[in-house]
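# Coordinate analysis (summary)
In case you want the letters, here they are:
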Amino acid sequence: MAEIKEYIASESDVVVVGAGHAGCEAALATARMGLKTVLLCINLDSIAAMSCNPNIGGTGKGHLVREIDALGGEMGKNIDKTFIQSRMLNTSKGPAVHSLRAQADKRRYHESMKRVIENQENLFLREAEATEILIEDNKIVGIKSRTGAIYKTKTAIICTGTYLKGRIYMGEVNYPSGPQGFQPANELSGSLSKLGFDLIRLKTGTPARVLKSSIDFSKMEIQRGDDKIVPFSFDNIDNNLTKKQEVCYLTYTTEKSHEIILKNINRSALYLGDIEGVGPRYCPSIEDKVMRFRDKDKHQVFIEPEGLTTDEMYIQGVSSSLPEEVQNELYHEIEGLENCYIMRSAYAIEYDAIDATVLKRTLEHMDIWGLFFAGQINGSSGYEEAAGQGLVAGINAALKIKGKEPFILNRSEAYIGVLIDDLVTKGAKEPYRMMTARAEYRLTLRQDNADLRLTQRGYDVGLVSEEKYERFLYRKENIEREIERVRNIKINPSDLNNKTLVEIGSSPIKNPQSLLELIRRPELNYEKVKVFDPQRPELRMDIIEEVETEIKYEGYIKKQQMQINQFKKLENKKLSLDLDYSKIDGLRLEAREKLQKIKPESIGQASRILGVSPADINVLLIYLEQLRRLK
């Protein structure tokens, strides 16, 4: 084979490797912040590909999308343009766990995002496979491609998704491949290893796709979208997104289908021992579910359309690494799928990832200047988790070049902050999935107030447009003004007022109360007390809902804010990245090793490292106090 000749393909401020959900957000962020950005993609048909499932959002994940949008990212706007069904989940519970989820037309989602990238100023899209990261004096200088092209750069963001040494598994059959049959990236892993990275293997998977006309929907429960569509993007909050929505369906596995799985479990790639990687605990294969929950005689299966221009239906809940012939037998025992025709088989995919504890909370490598990582290469799973990391990495790459302070979201500010802190502080032994339970301060980190929490931050770094910022200020000021207005309206305990209270389902008052106090009553709300408020201004529904939520949960929010203030005290006690923990007396050996490896940026982060005890934290606090006195 002839030697590949190297040549300089381009010079830029940023090179982003990979155009999945992380790479798209990273590249758009740096380009919008004024930096020349090259986005390398192994295949342009895979840009923002929805390789696993055709939806955006869900429990916890919907919060991430709202935060991405509030900061000036693209995912929320793109799904608003391309959704085919929208539902708000967990509405029977409190607002902290309300999560938006939308079915996407996966082909239109890809096409729409590709068009945005193609038309973005400062952003240059290139089909190329990155094979080597070029480092000089612990600083990124370029990315080399398979063809020998060298893309010289000041910073790079690695967003390789599930492509790094990707391998598909179906029973005894396995072969090198990226997701959906795209070409894998087989050489970049070697470059990372040479740079000293400890690579880990992780695994994820996807179910079969089935021909719509071969499904008996009469045996299934219809799952419709919401009548009132709530947008992901705050840009669309006062727009009418009403459209004809597609229908999804709910069905179930059967005891017979479970018997088929148990009979053939030794042929599953998961149980053959061929797969090294660990799969996502919270999105298990059907084999795992049947093996782990032997007492259940059925599991939920959701049938979801993949788009408006295809008859492929996604069989959510039945991902598998069983052989094709066993999958065929298994799927035909699911209610309504007795005569189904499988168009694409289910498979598991294994891929390389890094140990993210080598990264700062900016997602930059601790020791290599300008080298950032985002998405599934950091051990996360899911489109939304990847996009959130890509946005933060992109912002920080731009700020790095501009010589400005880094952009860090802490755990009390955003779900994105929780996500990144967990990855860089604890690492990931399995693909990390965002859930509301991971956030300690979820009552203040609601999806409805993501703009109030983060849009100012996005504007300050130059990612939020003036138009978006003006809309944010209008919403913020109207919410604050209305809360203050109802706080100052006093209701006296007159016979007429008490009679009215009884009529609207509440109890009389004995002392004067504010309208705010009445709204706070469980049986009342903003609309019901309108009778006491004849001068009420006309407000948008999203503003009214935010006002009511803030009032109803004001006491709880105040308590959580006190907890956040305590949290921030520890976060503000900074630790030097150059600190030599081996020289601090009193630290246990395990704590010294973990602290030396992860190099926490604060006492707060140190306290979240597995293996660092409260006693070790006290030792660090004493050490910091001694240093302070010596100054």
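Residues numbered from 1 in each chain as written. Predicted model: local features only at pLDDT ≥ 70, side-chain atom pairs only at ≥ 80, totals over all residues. Heavy atoms only, no water.

The protein chain has the name tRNA uridine 5-carboxymethylaminomethyl modification enzyme MnmG in an unreviewed UniProt entry, where Anaerosphaera multitolerans is given as its organism. Regarding the protein chain, the UniProt comment filed under Cofactor (unreviewed entry) reads as follows: "FAD". The heading Sequence similarities (unreviewed entry) in the UniProt record of the protein chain holds the text "Belongs to the MnmG family." (UniProt positions renumbered as here; feature names shortened; annotations may be inferred.)

Our focus in this paragraph is the overall build of the protein chain. Looking only at helices and strands, the protein chain features 20 helices and 22 strands. If you line up the protein chain on its principal axes, its C-alpha atoms span 95 × 75 × 50 Å. The burial tally for the protein chain puts 58% of its 631 residues in the buried class. In the protein chain, once contacts between residues fewer than 6 apart in sequence are set aside, the share between residues at least 24 apart is 73%. Within the structure as shown, the protein chain displays about 27,400 Å² of accessible surface, and the carbon and sulfur contribution to it stands at 48%. One finds the centroid of the 90 positive side-chain charges in the protein chain at a distance of 3 Å from the centroid of its 92 negative side-chain charges. (Helix = DSSP H or I, 4+ residues; strand = E, 2+ residues; numbered from the N terminus. Buried < 20%, exposed > 50% of the residue type's maximum accessible area, 1.4 Å probe, protein only. Contact = heavy atoms within 4.5 Å. Areas by Shrake-Rupley, 256 points an atom, 1.4 Å probe, with all protein chains shown as cover. Lys, Arg positive; Asp, Glu negative; His and termini not counted. Charge placed at Lys NZ, Arg CZ, Asp CG, Glu CD.)

To continue, consider the pairing of strand S4 (residues 83–89). Counting buried positions over the seven residues of S4 gives five, a clear majority of the element. As judged from the six bridges shared by S4 and strand S5 (residues 99–104), these two strands associate in the antiparallel manner. Within the sheet, the bridge partner assigned to leucine 89 lies in S5 and is serine 99. (Pairing = 2+ DSSP bridges.)

For the rest of this paragraph, the subject is the domain arrangement of the protein chain. For the protein chain, the assigned domains read domain 1 (7–447), domain 2 (469–569) and domain 3 (573–630). Between domain 1 and domain 2, the residue contacts involve 16 residues of the former and 17 residues of the latter. Summed over both sides, the interface of domain 1 with domain 2 buries roughly 1,400 Å², with 61% coming from carbon and sulfur. Between arginine 446 and glutamate 550 there is a salt bridge; the shortest N-O distance is 3.1 Å. Between domain 1 and domain 2 we count six residue pairs in polar contact (both at pLDDT 80 or more) in total. (Domains from an automatic or database assignment. Buried area = accessible area lost by both parts, 1.4 Å probe. Salt bridge = Lys/Arg side-chain N within 4 Å of Asp/Glu carboxyl O. Polar contact = N/O pair within 3.5 Å; in protein donor to acceptor, adjacent residues only side chain to side chain.)

It is worth spelling out the packing of aromatic side chains at this point. Per the stated rule, a full pass over the model turns up six aromatic pairs. Between phenylalanine 197 and phenylalanine 373, the ring centres sit 5.2 Å apart and the planes meet at 55°, which makes this aromatic pair tilted. Here phenylalanine 197 is found in the loop between helix H5 (188–194) and strand S12 (199–206), whereas its partner phenylalanine 373 is found in strand S20 (residues 371–373), with 176 residues between them in sequence. Phenylalanine 373 carries the same exposure label as phenylalanine 197, and that label is buried. Each member of the aromatic cluster is reached from another via a ring pair, and the members are Tyr459, Tyr469 and Phe472. Lying across the ring of tryptophan 369, lysine 139 places its NZ or CZ 4.6 Å from the centre. (Phe/Tyr/Trp six-rings, centres within 6.5 Å; stacked < 30°, edge-to-face > 60°. Lys NZ or Arg CZ within 6 Å of the ring centre and 35° of its normal.)

A separate point is unusual backbone geometry. Unlike most non-glycine residues, alanine 48 shows phi in positive territory, near 50°. Among the secondary structure elements, alanine 48 is positioned in the loop between strand S2 (37–41) and strand S3 (55–57). The buried category is assigned to alanine 48, whose relative accessible area is 0%. Phi at asparagine 138 is positive, roughly 60°, even though this residue is not glycine.

As a further point, take helix H16 (residues 541–552). Taking 1.5 Å per residue as the helical rise, H16 with its twelve residues ought to reach 16 Å, and the 16 Å between its terminal C-alpha atoms agrees with that figure. Turning to H16, its buried residues number three or more, namely Asp542, Ile543, Ile544, Glu546, Val547, Thr549, Ile551 and Lys552. Where H16 is buried, its residues meet helix H12 (450–460), helix H13 (466–488), helix H15 (515–520) and helix H17 (554–571). (Expected span 1.5 Å × (residues − 1).)

Looking now at the sheet that holds strand S10 (residues 167–170). Ordered by their spatial adjacency, four strands build an open sheet running S11-S10-S19-S12, and the pairing between neighbours is antiparallel. Two strands bound the open sheet, and with one partner strand each, they are strand S11 (173–176) and S12. Within this sheet the neighbouring strands show an average axis-to-axis angle of 25°, counted without direction. Pairing of S10 with S11 involves four bridges; the strand directions are antiparallel. Looking at S11, one finds that isoleucine 168 is bridged to tyrosine 175. (Axes fitted to C-alpha atoms, helices over the stretch in contact; angles between N-to-C directions.)

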